Every structure is written in structure tokens, then in C-alpha cells.
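# Residue-level structure breakdown
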Amino acid sequence: MFNALNRYLSRLDGDSRPQQKEGHGYGFQVLRNTNLDLAVEPWFDFIVGINGRVIDNPDPRLFAQEVRNCAGASVSLGLWSAKGQRTRVLHIPVPADTRSLGLSLQWTPLSVASNVWHVLDVAANSPADNAGFLPYSDYILGTPDGILHGESGLGELVDDYIGRPLKLWVYNNEYNVTREVEIVPSREWGGEGALGCVLGYGALHRLPAPLSEPVNEPGETMFDGDSTSNVGAGGGQFTTNDTSNTFVPAASNDFLVPAQLVSSTPPPPAGSAPPRSKKKERHGHTPKRLMDDYFAEEEKKSRELDGNISASKTPPPPPPKAGGGPPRAPPKAEEQKGGGDDDVD
């Protein structure tokens, strides 16, 4: 069932979606960063906003002009990270002389970040094991030897490199590092598959946030199938001029009122007597009230039964007095009669 779900979601991720507006789910992907002072990661980071606005135009000249307008000051960039699919704001000073950030960018859909393969189980003495793959923490991002498209892209590339060394870019979540791994696919290593490892693909196997970042609190979304919904997250950091779909909360102050504070009847006027309580409620019995009635009825039956038993029997004799000795048996009639004859003689 999960494999079918992953295939369905991957098909949705690979869909071009021509009906969407241009700019939704897109951003400038960072390909190269020559400024080591900037906390921007190539391949993982996408610039989706600038100076509080969402970037919806792929023209790089407009973006460069916006950066040049901030020369001698700072520019605010909205960065969407493929690690955890989160958005953050970064304030970068723009030098007045160069008016450049030192970044190489490319207009790319955010769905590219979901085109990764999660390394799960690794068989012993397999090509993946010999290459140093780490189970459940390694993610295959791509290769310098070609371009991978869709879930079957990696399998097709591996088939072309059977018996030959293949270079892969692998990201490790535990150490938060990306390394280049060389592996030689083979079908003669003694197990199943050309790599000897189980790979996961789709929404359930996207790049998680690094372990150094705080985990999601209860109720937060860990990942979202729609990559466009994460753009501009974080309290309305980026806004657009289109306000037709803007959510406006209700103006009432009673937006959230506890149920026990809501009164269905108005309070009685001052000085009036309290209303009389009904002797018996015919409707609206709660489970607790029903149980109380049941126990009261059973107790009444038990008392009546005890009364009937006690009335049908004679009460027991009182206990003997202390120090009086055991009770004597009454004299028989014959002994009393014989004793009378002896007294006559």
C-alpha cells in the first residue's frame, strides 16, 4: 500500500502542472556560493522572496536590479530549504562597490528537491556496503554523470553502469554533510539488485531537517505534499499584491469561548426567588444519572429482600450473662413425677 502511495505522490511531483501560475512553486536555486560568509547552501537552498515579496517572475535581471538597489545597505532574502522544507529569512549586506552577492542562481521548480532516494537496508558485502552507504541516514541526490528524472531515473542510470564505476552525490542526515561516493553496480555479488540496498522514494522519504535544528512541536506539519504551500511560511514574511484569497479573522471577541462559560439562559433578576427544581426529568438523562438510578433501585430491592427474610424468622435468643455458667436443661416430666413419690415415703 505504501509503495502505491509513493508512486502516486511521485507521479504528482513529476507532473509539470501547466495550469498553475508561473512562479508558484518556483525559485532561484543556488548552484554556487563563492561568498563563504553567507549561510547559503548550494543545491539545497532556493531564493523564493526578496525584501518581503514573493518572487513570481523568472527574469534574473529584475532580481539583480533589486539587489543593486540595496547597494551599501542590506537585502532580505527568503530562502526555502530542501532540508525539512522550511522557509527562513536571511539579511545580507550588499557591498557598495561590487553590488553582487557572489551567488550563481537558476530558476528551478521546488519539486526538484523531492527527487531524492532514501537508502534503507544495506546488504552485507554488497556494492552499496563496499561503497560505504549508511542505512536510513544517506540520501542519494544525483550524479555528475547524468541527470535523473523521476523514480526510475536512478535505476536506468545504474543499468547503464553495470560493471563500471558510478559516482553519486550522497547526503547524510546525521552528520549534515554531502559527499561523493563511487560505487560499481553488479549483479554477481550474490544477492538481489545491482546495488544491494533498498531505496525509498516519494513524500515519505524526503530530506528531513538536520538533527541540529529543533524538532517539530505537536501539531506542526512535518512535511507537505504541496511544495507551494511552504513558500512564504513563517508568519506572513512574504506578501503579494493579490489579496482576493486573503484570510480575514472574525472581528468578534468571542472567537474562542470555553463551553462551560457559555450560558444558554439569561441570569435571573436580582431579588427573585430561585426556580423550583423538577421532581423528575423525563428526558436528557446522562450516563452518570442512569447509573445512579440503577444503583438506587438495586439498593432498594436489596433492603426489601433483607426485610422479608428477617420478618419470616424468629429473633435469636439473647446471649448468656457473664459468670452464670452454662445454661441448665429443663427437668423432664418423668423425673419430676418420680421424685414426688420418694418425698411421700
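Residues numbered from 1 in each chain as written. Predicted model: local features only at pLDDT ≥ 70, side-chain atom pairs only at ≥ 80, totals over all residues. Heavy atoms only, no water.

Let us now look at a nonpolar patch on the surface. Taken together, the side chains of L134, Y175 and V177 define a hydrophobic patch exposed on the protein surface, amounting to about 290 Å² of accessible area. Take Y175: it is sitting in the loop between β9 (166-172) and β10 (177-183). Overall, Y175 belongs to the exposed group, its relative accessible area being 59%. (Patch = residues over 30% accessible without salt bridge, like charges linked within 9 Å, V, L, I, M, F, W, Y side chains within 5 Å. Areas by Shrake-Rupley, 256 points an atom, 1.4 Å probe, with all protein chains shown as cover. Salt bridge = Lys/Arg side-chain N within 4 Å of Asp/Glu carboxyl O. Helix = DSSP H or I, 4+ residues; strand = E, 2+ residues; numbered from the N terminus. Buried < 20%, exposed > 50% of the residue type's maximum accessible area, 1.4 Å probe, protein only.)

Our next topic: the sheet that holds strand β11 (residues 197-200). Remark on secondary structure: sheet strands pair via backbone hydrogen bonds, oriented parallel or antiparallel. The sheet built from five strands is open, its strands ordered β10-β9-β8-β7-β11 with antiparallel pairing. Looking at strand neighbours, the two that pair on one side only are β10 and β11, the edges of this open sheet. Within the sheet, the average angular offset between the axes of one strand and its neighbour, ignoring direction, is 40°. The pairing of strand β7 (residues 117-122) with strand β8 (residues 138-142) spans two bridges and is antiparallel. Its bridge partner lying in β8, W117 is registered against I140. Sheet strands in contact with helix α4 (residues 153-160) are β7, β8, β9 and β11, and its direction is about 145° off that of β9. (Pairing = 2+ DSSP bridges. Axes fitted to C-alpha atoms, helices over the stretch in contact; angles between N-to-C directions. Contact = heavy atoms within 4.5 Å.)

Right, let's talk about the packing of aromatic side chains for a bit. Evaluated as defined, the whole model comprises seven aromatic pairs. A centroid spacing of 5.3 Å and a plane angle of 40° characterise the contact between F28 and F63, whose relative ring orientation is tilted. With a gap of 35 residues between them, F28 in strand β1 (residues 26-33) and F63 in helix α2 (residues 60-69) connect regions that are remote in the sequence. You'll find F28 and F63 in the same group, each marked buried. Here the aromatic residues Y26, F28, F63 and W107 are joined through ring pairs into a cluster of three or more. When the ring centre of Y161 is taken as reference, the NZ or CZ atom of R164 above it lies at 4.4 Å. (Phe/Tyr/Trp six-rings, centres within 6.5 Å; stacked < 30°, edge-to-face > 60°. Lys NZ or Arg CZ within 6 Å of the ring centre and 35° of its normal.)

All right, on to the pairing of strand β4 (residues 74-81) then. Within β4, seven of the eight residues are buried, which leaves the element mostly enclosed by the surrounding structure. Looking at chain direction, strand β2 (residues 45-50) and β4 are connected through five bridges and run antiparallel. Its bridge partner being in β4, D45 is matched across the sheet by S81. Two elements, β4 and strand β5 (residues 86-93), share eight bridges in a ladder whose sense is antiparallel.

Nothing here speaks to function; it is geometry throughout.
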